[in-house]
Amino acid sequence: MATIPRKNDVLFGKGTAINTHHGNQRFRSMVEVHKPKFCQSKKMEKRKIGMSIINEFYKLGGSFLMEDPNSRRETNKEGGGNAMNRGTGVNNTIQANPANVDDLVVDPLILKKVWVCVERDVAIKKVMHRLRENKVNVSQKHQLAEREKLVLHPPDTKSSEKNLVVPTKVDVADETRRVTQLEYAKAGSRIEKEETKVESSSQQNHTVKSLAEYPIPVSTQSALQPAVKHSISMMESLPSALAPTIHAPVPVSIQYWIRSAVGLSLSSDDYLKGAVNLSWLLTKHLMQLIAASEITLLDISIEKVIIFVDPPLTMQSPSSLPIKAVQFQPSVRSFLSMAQHAQSASSLHSPRAACAALGGILLEIFSKGRSSSPETSSGTNNTLDTTQYNQQAIMPPAQRRKLAVPMAGSISAMANSILLEVGMPISICRLVCDLLDAINEPCPGSALTSMEEVLWGLTQMKDDPEHFLFDCLCPQKALDDTCLFHGIDRDYLFGREKELAILMNAKKNISSHVQRVYAEDPLNIGERSNAPFGQEIRYLCEAAFLSGYAGSGKSSLLQPLICACNQEGWFVVSCKFDKQIEPIKSVSKGFDDFFGTWATDIIQGRSNLDPAMVESFHQVRQSISSTIAEEGLCQLCEIMPNLGRAFPGIATATNGHSQDQRTSSIDKVGSAVKRRTHLFHVLFKAICSVGRPVLITYDDIQWASSMESWLKEFIVNYTDLPCATQKEARHQGLLSVGTFRSNEVGENQGIIETIASVEQSKSARVTRLVIGELAQDDIGKLISRKLCLPMRYTRDLARLIFSKTRGNPFFVKQFLKSIIENRMLEFSVNSRRWTWTCDVIDKQMISDGVAQLMTTRFIQLPHHLMQTVTIVSCFGSQVDNSTIDLLNIGHQLLPFNMQDALELAIKEGILEKADTIYQFTHDLIKQTVYESILTADQQLLHKTIGTILLRSAADNPTTHLIAVDQINIYCKGAILSPEERSQYAEINATAAKFSIAGSTFEQARSYISIGMKMLGSNHWEDQYTLSLKLYEMSASISCIKGDIGAMASCLNETIANAKSFEDSLTSSSLLAKLLASSSKCGEAMGNCLLILSTLGEDFPQDVTLPMVLNELSVIQTTLANITVEQVKLIPRMTEKSKLYAMQFLSMLCSYSIIAKPMLVPILSCRMVRLTIENGFCDDSIVGLVTAGYGLFSFTDDEQLGYRIGKVGESLIEESPNRHALRSRLCLELDITLKILVEPVQSVISTLPDRYNSAMHAGDVGTALQCRRLYCNVSFFAGTDLTTTTKQFVTCIQQLIKYQQTTVLYSTMSSFRACMHLTGQSNVEVDVKSYEELNEIAEKTNNKRLLYQNFIYRMFGHFFMGDYLKVMELSGKYKPSGLKHISEVVRFFFEGIASFSLARHTHQLKWRSIGEKSLEKILKWEKLSTWNFETMAKLLQAELHYLNGELKSADVAYRASIVSAREHKFTHYEALAYELHGIYFVENKIIDKGRDQLQMALDKYKQWGAMKKANEVQLLMDAVDTALL
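Residues numbered from 1 in each chain as written. Predicted model: local features only at pLDDT ≥ 70, side-chain atom pairs only at ≥ 80, totals over all residues. Heavy atoms only, no water.

## Quick notes on the overall build of the chain
Selection criterion: Numbering of helices and strands runs from the N terminus; a helix is a DSSP stretch of H or I covering at least four residues, while a strand is a stretch of E covering at least two. Here the term buried applies to any residue with accessible area under 20% of the maximum for its type, exposed to any over 50%, and partly exposed to those in between, with areas from a 1.4 Å probe on protein chains only. Residues count as neighbours in contact if any of their non-hydrogen atoms are within 4.5 Å of one another. Working definition of accessibility: Shrake-Rupley area with a 1.4 Å probe, residue cover restricted to the visible protein chains.
Tallying secondary structure elements over the chain gives 73 helices and 19 strands in all. The proportion of buried residues among the 1524 residues of the chain is 56%. For the chain, restricting intrachain contacts to residue pairs at least 6 apart in sequence, the fraction spanning at least 24 positions comes to 74%. When the accessible surface of the chain is summed, it comes to about 64,600 Å², and 52% of that surface belongs to carbon and sulfur atoms.

Here it is in structure tokens:
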């Protein structure tokens, strides 16, 4: 790759330009130093010496370059013009990267060539060649000695020019002639004529032209590289028609740059900005030279400065002052290793002297050359001899005193006078004078003695000239610039560089992860796929937790991160928690603000929006609408109004079939287990799933005591959430950042445990940051920034403030506010700066008074302002404008309009306003204001506010909840009368109802708890209705929270005290669900049967098959020609008792499938009859589908049962409650009716939908049942066992978490078989053995679990080839008689095992069992060829083999392999290969047999059955051994 030569590079080649190149000179000097040792060393040591030279050169930033031979050949072919044009291309690269021009080569003879880096071996050969050279002429030795002498004994200033060793001059005319002839030799006769003109022109100019156009001092000219002078002369001598277009930076002097800038008549401000930029470049370059010990004090002078500019020198604005780079041109001296002369070099680099010398240069720049001019603008002779000043700078202090040299104070005073005359601002005068004062004895405290501080000051002037460069004459503007009282604080986060870098690095990791795909497909329209349980999403999560004391700046660290993410196109959700605000409201507000920002921008049609971002937001909307039902979306819109703006067409309430007449809020809660949580998860997943990186921040999570599980699930369980309907970007990234007060979170509290659990889960890379107090230097920088003064002027004040505030950033700002308000810190117009007296501040402000600082300040505020902010503090950190308006009505609370005082609070910096929300600028301010109220007054104030709002609330849930919150604060410490207790219990019950409607269940639980405490001792008699309401809601919320004990206690008390049957129905239904989830299906069934009996629906105790068939024959006739349209014509069911009966029948059906399957058809027939006689309801769909399930399972009319099921499916999709119905009927519809008719893979793909539907309905129990079914069916269908294992583990973990023991044991049973085949023992979850599971099934009368244990044990034994064990198990458990996928698999396993045993034992009983199994499988094949053809073909092949029909067997085996491959059954394909291979081996066709066994081995590995694969490998080894 082509590169641009730099001064430290070694160039291969010949010629003066290359020989005099800086890098080549240094290279030769380094070789000469090492040559004596090289000559005395052995062969192996010599190479090490050469390597050390190369390594040392690389450390200096040098490279070894050679001319690209390809470019040379192209030049010879195309002519010289292209070669010169290559120079132009290089310089275009230079212009594109002006920051890299500092050490560029400017010789056009070098730049016109294309250079490439050489290999390391070539460089070593070059070094070894130079080391072996022995001939060194006398002139070279003399020149080397002179260079060493120059470095070891530097000359004085006056004689320095005489001792300069200048390389031999080049005859420019000859060189020009040679280059011209080389470049234009093939250009024809026209070129020859032009060459003649060049020669004649060159003969008249045998000497180098003067640099009049670019005047540089004579001493500097002599030291410049001859190539620079040569290039200028050559360019001037060439004809204009042939002159190459080379734009290399041109070196000029400072004086020329100043005259050029002044000559353009730039404004004072423009010149000042350009001069600051030049000074910044000079200082930065000088620091680099001093650090590398490559400069002496003699070189820090105006004459030694070279400025590289772009020709022509046209400077029309400060932004286009064409400074490319600056250099100090050092005196020519030896390039020997500076390490050999470290002692002598260090004596030349006094920091104070270097600063003073730099001051002389900056004085020349900022005085516009007048410091060295004999006449100033006023005609007086104020010339400063800076050369003499530089000589003073290098003298030691003792010598200056001995020679009575005057101090520099007079010089700095004169410099100040000159700078003021030319109109320089005070900041520049201070900078220059403080630099000149650096060598004063004694050195004043304001003197600049550090290059780092000089660069810091110039950087501030350069980056923020408005505040640090130009003078400020207005005290109010100076006060505004501090941003202490109002306005946006523009402060850099001093002292937080490390922490901010860690956060930014985490952001960078997420960005790069997402952009690997996003860069190729910015709208994410390309490769996406559904992400069901079995697919891994390439997802990266970073989590950071910031802890520290209040006021340490944790929240401030979030702001630059949020800004950076917004600028880079992230989706950002910011949540801030508050002690007095329900945590769920804070989370809701974060999401609401996110949707509000985007909805506002898109609705207003802002033209500056990134189209890709707009498209991403539309994809988020599509994802939400496709995964959240209308009811759930309406529910979210109630708590996030801005979400409704993103969906303007959404209805606020559902109509028609959405609510049965019997449905109450209690019923809704009872079925809405974790509904709100899931809705938020789906909402967040939609935001994350469109290929945009996402940042979510949680500020002050110490106040989110009830949200720890949320925080964990958002990070840990996010990737586990299925989303089959949402097409996801393959790369997703989440950065989650939380802050909390370390002094308010104990080690035993939830947030610490949450962080630890996130770390243990390894779902995210967790970073913990402790935000400590600021160091004194950091406070110095902060105060310097606030007061717009250099740090040397604020150092004493910073030290004082640090001692009083202990480095707390918030206290620092409050301290500054206080001393400004007390006029201890004032802005002086005369001095144009802030002034203070540290002694005064120190005496009047005691160190331990910081904690009372804000209190004292607030007490001094106007009375009406203090009263208003006190009212606001009662609501927490923020309050809505509408609440203030309600309190203003009739001036019931305060005798004035609080809105006026709120505006004043904003000006004072106490509050800030965002949209309609007023909030404190810091929670410490809120805390201080609130604590300034006496405790007794606090309680009365809360009561007054709550009472006023309660009167204005009417039916407004938001206002009612705010009012109740205020009253509950009052109730905590007050002694209440019986009337107040009754009243407050009632309003808390209403608040709980509103919270339940908004799915804020934790908040509802709090209201219920308070309401129940307010009840009297005889409340079941005196407050029956209220008690019933509170206890039923408590049971529902306990169910949601998984508190089984509290739920059972509430239900039992409610049922015991219910005065009527109807009053107990809600509790009875909840009790049945509780029993069923606790593996007590028998008791749950008994509870439901008892309720149904009371409702007039009796059922027999013992159910027989003839009884079932009789019921089904009746319903078979009724539903023979049923259609969707006919069902829709049935009127709605209105009778309350029948609605309750349908509800309990539906529940009983789901329990009976597990405990008493024969009862299901009878229950479904009763539900169909009730629907026909009394009307249609949602539970009628359950009855219809269950009737189809009964016909399919117990009769031979499978087609009718399947068709009825499809009618029910259509009704489900049209129902507003489709989510609840989908998940509720998953087992009957998907796992029974559809899976035996439709391709099993299509059914598997719908199961994640069923899981989502259950979660949308809030029914975690049913959702986890759907998840278990997904795992089981995937296992039966031959899905990759590795992925299936992960899904099993996750499912079991969730079942344990939600205490769903019935489903848990069934899942363990199937997981056991999966583990058996993979050969891996699980370490993530504790799985019970089959013996333990059988014992549990017998104790709980769970016949379904017993049968499942048998099926999965058979599965494992079958694939491991233990056919005798398969048949032994089969003999213990009779077929269930139900038509289920597990039953079909049982018959297939029995058939294969029986045929194999019959072939080896020649017993007829095995043949008989096998033939019966084949007969059943052939019957199933008629229903679904896709699912069962492979089984049938394989059984037929085994029967042919048993009968000795070898050819037919071979054909059938091959057909089964093809069928398994086409129908995507990997496990059956592997089995078919294995059986085919055994067939060949047993028939002595070893080669084919081994090939088939190898295919079986590969397929078993593909499936993930590694234990089975090992068995096949052993079989193959046995075959090989037999052959040997």
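There's more to say after this.
## Section: empty space enclosed by the protein
Rule in force here: Only protein atoms enter the 1 Å grid used here, on which a cavity is any set of points holding a 1.4 Å probe that cannot leave and a pocket is any open set flanked by protein within 12 Å on both sides along at least five of seven lines; residues with an atom within 4 Å of a point are listed as lining. Grid points are joined across faces, edges and corners, and a volume is the space filled by probe spheres set on the points. We call Asp, Glu, Lys and Arg charged. Ala, Val, Leu, Ile, Met, Phe, Trp, Tyr, Cys and Pro are nonpolar, and the rest, Gly among them, are polar.
Per the counting criterion, the structure on display carries 10 cavities of 30 Å³ or more. What lines the largest cavity is a set of 20 residues, and nearest its centre among them are His467, Phe470, Cys472, Cys788 and Arg832. Secondary-structure elements contributing two or more residues to the lining of the largest cavity are helix H20 (426-436), helix H22 (465-468), helix H23 (475-482) and strand E16 (833-836). Considering only residue class, the lining of the largest cavity consists of 11 nonpolar, 2 polar and 7 charged.

## Notes on the pattern of salt bridges
Filter applied, for reference: When a carboxyl oxygen of Asp or Glu is within 4 Å of a side-chain nitrogen of Lys or Arg, the pair counts as a salt bridge.
Applying the stated criterion across every chain, the model contains 42 salt bridges. Between Glu1209 and Lys1206 there is a salt bridge; the shortest N-O distance is 2.9 Å. Remark: Lys1206 and Glu1209 occur in helix H57 (residues 1198-1214); sequence separation between them is 3 residues, near one turn of the helix. A salt bridge links Glu1228 to Arg1224; the shortest N-O distance between them is 3.1 Å. The exposure class assigned to Glu1228 is buried, which follows from its relative accessible area of 2%. When salt bridges that share partners are traced, they join Lys1206, Glu1209, Asp1230, Lys1234, Glu1238 and Arg1250 into one network.

## Notes on helix H25 (residues 554-567)
The following threshold applies: In this description, the arc belongs to the directions extending from the helix axis to the C-beta atoms.
Regarding H25, the residues found buried are Lys554, Leu557, Leu558, Leu561, Ile562, Ala564 and Cys565. Viewed along the axis of H25, the buried residues span an arc of 165°, placing them on a single side of the element. Two residues or fewer after H25 comes Gly569, characterised by a positive phi angle close to 80°.

## A short note on the side chain of Thr1283
For clarity, the cut-off: Any N or O atom pair separated by 3.5 Å or less is treated as a polar contact, with the protein-specific requirement of one donor-capable and one acceptor-capable atom, and with residues adjacent in sequence counted only for side-chain atom pairs.
By the secondary structure assignment, Thr1283 is in helix H62 (residues 1281-1297). In terms of polar contacts, Thr1283 uses its side chain to reach the side chain of Asp1280, at 2.9 Å.

## Some remarks on the environment of Ile1204
Structurally, the position occupied by Ile1204 is in helix H57. Assessed through its relative accessible area of 0%, Ile1204 is described here as buried. Through-space distance from the C-alpha of Ile1204 to that of Ala1120 is 8.6 Å; in sequence the pair is 84 residues apart. Residue contacts for Ile1204: discarding those within four places in its chain leaves Leu1119, Ile1122, Leu1184, Gly1188 and Leu1191.

## Here we look at the pairing of strand E18 (residues 911-914)
Selection rule: Strands qualify as paired when DSSP identifies two bridges or more between them.
Where E18 lies against strand E19 (residues 917-920), 4 bridges are found, and the strand directions are antiparallel. By the bridge assignment, Ala914 is partnered in E19 with Ile917.

## Quick look at the confidence of the model for the chain
Convention followed: What pLDDT expresses is the predictor's confidence in each residue, scored from 0 to 100.
Mean pLDDT over the chain works out to 77, with 76% of the residues at or above the 70 mark. A low-confidence stretch, residues 399-408 (pLDDT under 50), is modelled with 17 contacts involving residues beyond four sequence positions or located in other chains. Ignoring residues within four places in sequence, the model shows residues 517-537, a span with pLDDT below 50, making 55 contacts including any to other chains.

## Considering the nonpolar core
Using the following cut-off: Definition of nonpolar core: a set of buried residues of the types Ala, Val, Leu, Ile, Met, Phe, Trp, Tyr and Cys, connected through side-chain atoms within 4.5 Å.
Core analysis: the biggest nonpolar cluster contains 209 residues, and Phe1359, Phe1388 and Tyr1500 have the highest contact counts within it. Broken down by element, the residue count for this core peaks at 13 residues, all from helix H54 (residues 1136-1155). Judged by nonpolar contacts, the second largest core, of 60 residues, contains Tyr271, Ala415, Leu431 and Val432.

## A look at the packing of aromatic side chains
Defined as follows: Any two rings among Phe, Tyr and Trp, with Trp reduced to its six-membered ring, count as a pair given centres within 6.5 Å; such a pair is stacked if its planes are under 30 degrees apart, edge-to-face if over 60, and tilted if neither. Two conditions define a charge located above a ring, namely a distance within 6 Å from the ring centre to NZ of Lys or CZ of Arg, and an angle within 35 degrees of the ring normal.
Evaluation of the coordinates by the stated rule reveals 38 aromatic pairs. Both rings, one in Tyr1441 and one in Tyr1479, keep their centres 5.1 Å apart while their planes meet at 85°; by these two values the pair is edge-to-face. Remark: Tyr1479 occurs in helix H71 (residues 1466-1482) and Tyr1441 occurs in helix H69 (residues 1425-1442); sequence separation between them is 38 residues. The buried category is assigned to Tyr1441, whose relative accessible area is 10%. Its relative accessible area of 5% is what places Tyr1479 among the buried residues. Cation over ring: Lys46 sits above Phe38, and NZ or CZ is 5.2 Å from the ring centre. Here the basic side chain of Arg430 rests over the ring of Tyr793, its NZ or CZ set 5.5 Å away from the ring centre.

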